[in-house]
Protein chains: 2
Amino acid sequence: MKEGPDIARIGMLFGDPARANMLTALMGGQALTATELAQAAGVTVQTASSHLSKLEDGGILAQRKQGRHRYFTLADAAAGTLLENIMGFAASRGHLRHRPGPKDPALRKARVCYDHLAGDYGVRMLDSFVARGAIESDGENLTMTEDGRAELGTLGIDVASLTSNRRPLCKSCLDWSERRSHLAGTLGKALLAHFLENGWARRSEESRAVLFTPDGERKFLSLFPAG
Amino acid sequence: MKEGPDIARIGMLFGDPARANMLTALMGGQALTATELAQAAGVTVQTASSHLSKLEDGGILAQRKQGRHRYFTLADAAAGTLLENIMGFAASRGHLRHRPGPKDPALRKARVCYDHLAGDYGVRMLDSFVARGAIESDGENLTMTEDGRAELGTLGIDVASLTSNRRPLCKSCLDWSERRSHLAGTLGKALLAHFLENGWARRSEESRAVLFTPDGERKFLSLFPAG
DNA sequence: TTCATACTTCGACCGTAACCGAAGCATCTT
DNA sequence: AAGATGCTTCGGTTACGGTCGAAGTATGAA
């Protein structure tokens, strides 16, 4: 009865709408200030401050002082992963706050999910990898093949350097707008970084949307043809 | 702001101590009646009934009427997996309700985690598989090797029949008492079933503990030698 | 039919926590 | 030094949800 981990503590932290909004905003992957998070949650800064300290005590958020600002981020990849899991579960039960998927078509098309690509383009990328045998999919687990390693090498992505024992290379993440899986893990992160660094796309200022340039979009679509 | 899955709804459901206790009790994998769950949570049946209907509406629990009883179970494997994830996260942040791990040594040694083996023995089993190359571990993802398939075949476990596209064959699950991973997925389930069916062990009546017989324990330990 | 068991619904109580205004610190600017 | 900005702490209000007793429904037993 009184054994084990304190599920309720974690659940409660995720269980308040204001906190959930803040965490969703932080899924964008970038550090945000207390004021920005207050706005994202639709509450005053006082209220936000109280929420943020609770989330920090709970080990979900980390803060970094910089001048007179305090930047908050998800504490680590595990926190992001858990958040993804909860989002996926909620979506799978049809618990959507607004209606099916993002209203904004740009968000539906391509957006950031913590540190990797989600939305139509994210799902398409993983499908394409699987279709050509670069990644093998076993229901939920994803495994990189030798072919895949070689292909990514020609793109300038060194798969070996992405291998870590703290975080998987390939991981599937349920996309709540597409209701299918997209690619997470260190490879998902590296690929998104690759697109941004090479000017194929840039991040929207206001939202989690990823905006492709015409040229970048052309390259992306030819690299990941639809199944 | 109003986009996406309703995290808060799910969080709230997990965020009440009474509900968390009920869900923890259901991690034992067997169906329980409303009265049993009320007792597990330490509340009256009225209160329990209210909680149970909320959990059912949220898609976390399923109920099955049988005579004048109502048996509740976790809705599906996804619900169990999410629960495991939250437990693992809570444990990783040190949010334990009582103290480090289960007080009961039997629970610490071997217990049921939804439908597979957890605790010292669960961790030991996975370690042993990995050490001898039956399963390959890539940080978080687990993959079965050809050697592993052959070995399990000699045990009388047909790996091919366990392959599903709804649930992975091998999956790592963070063990909150050992703070290491044990084996989940359809294989984890099949192995536990194998131990129980062949009389190596039986389930405790009162708790989630798995009690090995002297003979079963001997077989288990020789099959999965410590690393 | 009558009684017992298993569970749900109703109604009322109560505690907690979410919320905001105001005041208090800390840091940067001028 | 004085003002502005970013954030936290304090105090008080309010609302929501967890709780249980009592009554109501359904199934099974006598």
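Please read all numbers here as calculations on a predicted model, not as lab measurements.

1. Focus: the overall build of chain A
Secondary structure summary: chain A contains 10 helices and 11 strands in total. Computed over the C-alpha atoms, the radius of gyration of chain A is 18 Å, within 12% of the 17 Å expected from 2.2 N^0.38 for a compact globule of 227 residues. In terms of overall dimensions, chain A has C-alpha extents of about 50 × 45 × 35 Å along its principal axes. For chain A, the residues scored as buried account for 52% of the 227 residues in total. Roughly 10,200 Å² of accessible area belongs to chain A as shown, and the carbon and sulfur atoms make up 50% of that amount. Between the mean site of the 29 positive side-chain charges and the mean site of the 26 negative ones, chain A shows a separation of 6 Å.

2. Remarks on the domain arrangement of chain A
Residue and element names in this part refer to chain A. Along its sequence, chain A is organised into domain 1 (7-75) and domain 2 (101-223). Taken over C-alpha atoms, the centre of domain 1 sits 26 Å from the centre of domain 2. Contact residues are listed per partner, giving seven residues for domain 1 and five residues for domain 2. A per-residue breakdown of the area domain 1 buries against domain 2 is headed by Met27, Gly28 and Gln30, which together make up 67% of the total. At the surface where domain 1 touches domain 2, the tally comes to zero salt bridges. At the junction of domain 1 and domain 2, the tally comes to three residue pairs in polar contact (both at pLDDT 80 or more). Classifying every residue of the side of domain 1 that touches domain 2 by side-chain character gives three nonpolar, four polar and no charged.

3. Some details on the protein's contact with DNA strand D
In the vicinity of DNA strand D lie 21 residues, with A:Thr35, A:Ser49, B:Gln46, B:His51 and B:Lys54 positioned nearest. One of the backbone nitrogen or oxygen atoms of A:Ala34 is found 3.3 Å away from a phosphate oxygen of DNA strand D. The side chain of B:His51 places a nitrogen or oxygen atom 2.6 Å from a phosphate oxygen of DNA strand D. Mapped onto the surface near DNA strand D, the elements with two or more residues apiece are α3 (34-41), α4 (45-57) and β3 (69-74) of chain A together with α2 (17-26) and α4 (45-57) of chain B. Element by element, the count of residues in the surface near DNA strand D is highest for α4(B), at four residues. Taken together, the residues that form the surface near DNA strand D break down as four nonpolar, 10 polar and seven charged.

4. Considering the protein's contact with DNA strand C
Around DNA strand C, the structure places 21 residues, and the nearest of them are A:Gln46, A:His51, A:Lys54, B:Thr35 and B:Ser49. Contact between DNA strand C and A:Arg19: a phosphate oxygen at 3.2 Å from a side-chain N or O atom of the residue. Interatomic distance of 2.6 Å between a side-chain N/O atom of A:Lys54 and a phosphate oxygen of DNA strand C. Taken together, the elements giving at least two residues each to the surface near DNA strand C come down to α2 (17-26) and α4 of chain A together with α3 (34-41), α4 and β3 (69-74) of chain B. A per-element tally of the surface near DNA strand C places α4(A) first, with four residues. When its residues are assigned to classes, the surface near DNA strand C shows four nonpolar, 10 polar and seven charged.

5. A look at helix α8 (residues 146-155) of chain B
Residues and elements named next belong to chain B. Buried within α8 we find Gly148, Glu151 and Leu152. Seen end-on, α8 carries its buried residues on one side only, within an arc spanning 95 degrees. Across α8 from its buried face, at more than 90 degrees, point the exposed residues Glu146 and Thr154. Phi turns positive, to about 95 degrees, at glycine 156, one or two residues after α8.

6. So, the pattern of salt bridges
Side-chain pairs of opposite charge can arise whenever the charged atoms involved come near each other. Residues and elements named next belong to chain A. This structure, assessed with the given rule, holds 17 salt bridges over all chains. Between arginine 218 and aspartate 215 there is a salt bridge, with the nearest N and O atoms lying 2.9 Å from each other. Of this pair, arginine 218 and aspartate 215 both sit in helix α10 (residues 214-223), three residues apart, which is roughly one turn of that helix. By relative accessible area, which is 55% here, arginine 218 ends up exposed. You can call aspartate 215 partly exposed: its relative accessible area is 37%. Three or more residues joined by partner-sharing salt bridges are found here, namely Asp215, Arg218 and Lys219.

7. Focus: the packing of α2(A) against α3(A)
Residues and elements named next belong to chain A. The N-to-C vectors of α2 and α3 enclose an angle of 120 degrees; their axes lie 8 Å apart at closest approach. Judged by the angle between their axes, α2 and α3 are oblique. When the axes of α2 and α3 are compared, the crossing they make is right-handed. Two secondary-structure elements touch here, α2 through Ala18, Asn21, Met22, Ala25 and Leu26 and α3 through Leu37, Ala40 and Ala41.

Rules of the game
- Throughout, a residue's number is its position along its own chain's written sequence, starting from 1.
- Each chain is given a letter, starting from A, and each ligand a number, starting from 1, according to the order in which they appear as written.
- Two thresholds apply to this predicted model, a pLDDT of at least 70 for residue-level local features and 80 or more for giving and counting side-chain atom pairs, whereas whole-chain, interface and lining totals are computed over all residues.
- Only hydrogens and water are set aside when side-chain values are computed; all heavy atoms of the structure are taken into account.
- Helix and strand definitions follow DSSP, with helices as H or I runs of at least four residues and strands as E runs of at least two, each counted in order from the N terminus.
- C-alpha atoms define the radius of gyration in this analysis, and the globule rule sets the expected value at 2.2 Å times the number of residues to the power 0.38.
- Burial classes follow relative accessibility: with a 1.4 Å probe on protein chains only, a residue under 20% of its type's maximum area counts as buried, one over 50% as exposed, and anything between as partly exposed.
- To measure how exposed things are, a 1.4 Å probe is used in the Shrake-Rupley method; for residues, cover is taken only from the protein chains shown.
- Positive residues here are Lys and Arg, negative ones are Asp and Glu, while His and the chain termini are left out of the count.
- Where a charge lies is defined by one atom per residue type: Lys uses NZ, Arg uses CZ, Asp uses CG and Glu uses CD.
- What marks off one domain from the next here is an automatic or database domain assignment.
- In what follows, a contact means two residues having at least one pair of non-hydrogen atoms within 4.5 Å.
- When two components associate, each loses some accessible surface as probed by a 1.4 Å sphere; the sum of these losses over both components is called the buried area.
- Salt bridges are identified by distance alone: a Lys or Arg side-chain nitrogen within 4 Å of an Asp or Glu carboxyl oxygen.
- Contacts described as polar in this section are N or O atom pairs within 3.5 Å, which, within protein, must combine one atom able to donate a hydrogen with one able to accept it, while residues neighboring in sequence count only if both atoms come from side chains.
- For this classification, Asp, Glu, Lys and Arg are treated as charged, while Ala, Val, Leu, Ile, Met, Phe, Trp, Tyr, Cys and Pro are nonpolar and the rest, including Gly, are polar.
- When we say a residue is near a molecule or strand, we mean one of its heavy atoms is within 4 Å of it.
- Here the arc refers to the set of directions running from the helix axis out to each C-beta atom.
- Convention adopted: a line fitted to C-alpha atoms gives each axis, helices being fitted over their contacting stretch, and angles between N-to-C directions are expressed from 0 to 180 degrees.
- An angle below 35 degrees is treated as roughly parallel, one above 145 as roughly antiparallel, one from 65 to 115 as roughly perpendicular, and anything else as oblique.
- Note on convention: near helix rotated counterclockwise from far helix by under a right angle means a left-handed crossing. Clockwise means right-handed.

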